[in-house]
Structures are given as C-alpha cells and as structure tokens.
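An overview of the molecular structure
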Amino acid sequence: MPFLGLDLGTTNVKAVAFAPDDYREVAKASVALDTLMPKPTRAGPRLAEQSPDAIWRAVVVVLNDVVNQLSAQKMAVEGISLSGAMHSLLAVDGRGKPLTNALLWSDNRAEPQADTLRHSPTARLLMRHTGVPIHPMLPLCKLMWFGKHNPGLLRRAAKWMSLKEYVWWKLTGQYQLDVSLAAATGLYSSFSGGWHGPALALAGVQVGQLSVLVPTTFLTTLANVAEVTLPAGTPLCPGASDGCLANLGAGAVGPGITTVTIGTSG
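I will try to describe carefully the structure that is included in this document.

Rules used throughout
Residues numbered from 1 in each chain as written. Predicted model: local features only at pLDDT ≥ 70, side-chain atom pairs only at ≥ 80, totals over all residues. Heavy atoms only, no water. Phe/Tyr/Trp six-rings, centres within 6.5 Å; stacked < 30°, edge-to-face > 60°. Buried < 20%, exposed > 50% of the residue type's maximum accessible area, 1.4 Å probe, protein only. Lys NZ or Arg CZ within 6 Å of the ring centre and 35° of its normal. Helix = DSSP H or I, 4+ residues; strand = E, 2+ residues; numbered from the N terminus. Contact = heavy atoms within 4.5 Å. Pairing = 2+ DSSP bridges. Axes fitted to C-alpha atoms, helices over the stretch in contact; angles between N-to-C directions.

Time to look at the packing of aromatic side chains. What the rule picks out here adds up to four aromatic pairs. Consider the rings of Trp169 and Tyr175, whose centres lie 5.7 Å apart with planes at 5 degrees: the pair is stacked. Both residues of the pair, Trp169 and Tyr175, belong to the buried class. Over the ring of Trp145 we find Arg109, and its NZ or CZ is 5.0 Å from the ring centre.

Rendered as structure tokens:
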C-alpha cells in the first residue's frame, strides 16, 4: 500500500502518494495558498501572514483528493509523513482555536528585536546553543515582538506553534513538534536536545506554552477527524523541515554533495 507525503509549503499544500516497492508516484494533489501581506506604513516592515484555518482546509482537500485517487486504483494509504516550511508562528487558545494568523518566515516585523538581540552580550552564547543566526524570521524574535506590542496575548495564549504543529494537532489531537523544525526556532538547544531556558526567557514564554518535542521518526495514529476520509488509526509521522527533507530527497546526505533549492524564498 502507498505511503503519503504531505508538504505544507508557502505557496501550496501538496500531497503525493508513492508505491513502497519502487517509489512510483501513484496519486497527487495540490492546493494554492494565499499569503496576506497588509501594506505597512511608509518604510515599515514587510508583513506576511497566512490563515491557519485556510491551511487546514487545503490539507483536507489534498488528503481527500489523494484518497479518492487511490480508491479508484483499489489502494489505500499505508501511512503519512509531513514536511513543513520553517519559522512560522501563531497563537491558539485552550481549545486550539487560532488567536492570530500565522506569521511566516518572510515576515520581518521583528527586525528591531532581532537587531537588538544580535548586538547584545548574550548573542554569541545564544547562537552557540541554538545553532541558528539571529534573524527576524525566527519565532524567538517574533515572540519578542509580541512581548513589546501585545504582551497580554503573549501571556494568555495557551500555545505558540508553527503551521505544521497546528495541522498535526488537527490530525492527532496532540501538541507535538519534531526536533528538526524545533531546531529552526531559535528556542531549541542542540546541546540539551530540548527547549532552551534562556531563549524562552528572552521570548517571554513558558515551556508549557510550547509543544512536546518528538523525534522526526516518531509514530502515532490519526485521530477520528470528521473532515478527512481516512480511517482513524492510520499511522502518522511528523517528518522534518522542508529544507532538511529536500536534501534527503535529493540524495545530498554525504560530504561533497550540494543541493540548490529554487523555492518561494529563492
């Protein structure tokens, strides 16, 4: 039975099913996404947002489309793994309802916070622990932006998460995040393998406001999701970030091999 890859990109949500014996493509579907870019004030920041619920609707469409294509071939989904774009951030309440749109990697409203942090005495040690350069795209810097401009929301949000985490929660009912995507947040310590306390203090969030970290090969099962025509209990794997998986898919997994990805960010 085919395995299905679900990719949460910036411009499209895509699902592709592959035969497990020869990796032949047997079904695919794609839905284009809208990015909301409110016009900033003169010389203001570049804003780039997406609706979490619009992303979820796109996920439902592509999953059901692929399931229907497979049913016509008398095949069913063996399991699903996810890929997701890095650096998105949104807040949800205690019931998982979004309190904000998702700020995308391309949103640079946190440039002042990133610039201040970049020139602080703690910058070098922070980068050493998190393994990422300080940049406004980081969820760390975006949380610092919320701390300045909407501190009430920063404190009262039940969870702060990426779009991939939101989709994962809708599919499983669990707040979980693979370590690959976590490593791109500026909040994760590559030394401890967990959320980095000093980074969380800078961001102004508690560890309970973030998802539980799981390995990229973690396995769980699909919950009973009414909108999706897949049986509850279908195996699910969180996978990793899109950049890491692009290298893996292209075979760039050893010294001397380079990939060039001409994606939305390119």
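That was the structure; now back to the text.
This brings us to helix α4 (residues 139-149). Among the 11 residues in α4, eight count as buried, and that is most of the element. All buried positions along α4 are accounted for by Pro139, Leu140, Cys141, Lys142, Leu143, Met144, Trp145 and Phe146. Each element contacted by the buried residues of α4 is listed here: β7 (102-103), α2 (111-118), α3 (123-130), α5 (151-156), β8 (159-161) and α8 (197-203).

Reading across the sheet, the six strands line up as β3-β2-β1-β5-β14-β13 and stay open at both edges, with mixed pairing between neighbours. In this open sheet, the two edge strands, each paired with only one partner strand, are β3 (25-32) and β13 (220-221). Sheet topology note: the strand β2 (residues 12-18)/β3 ladder contains seven bridges and is antiparallel. Among the inter-strand pairings, Val16 is bridged to a residue of β3, identified as Lys28. Against the sheet, helix α6 (residues 163-172) contacts β1 (3-8), β5 (79-84), β13 and β14 (235-241), and its axis sits at roughly 175 degrees relative to β14. Taken strand by strand, helix α9 (residues 242-250) contacts β5 and β14, and its axis lies near 95 degrees from that of β14.

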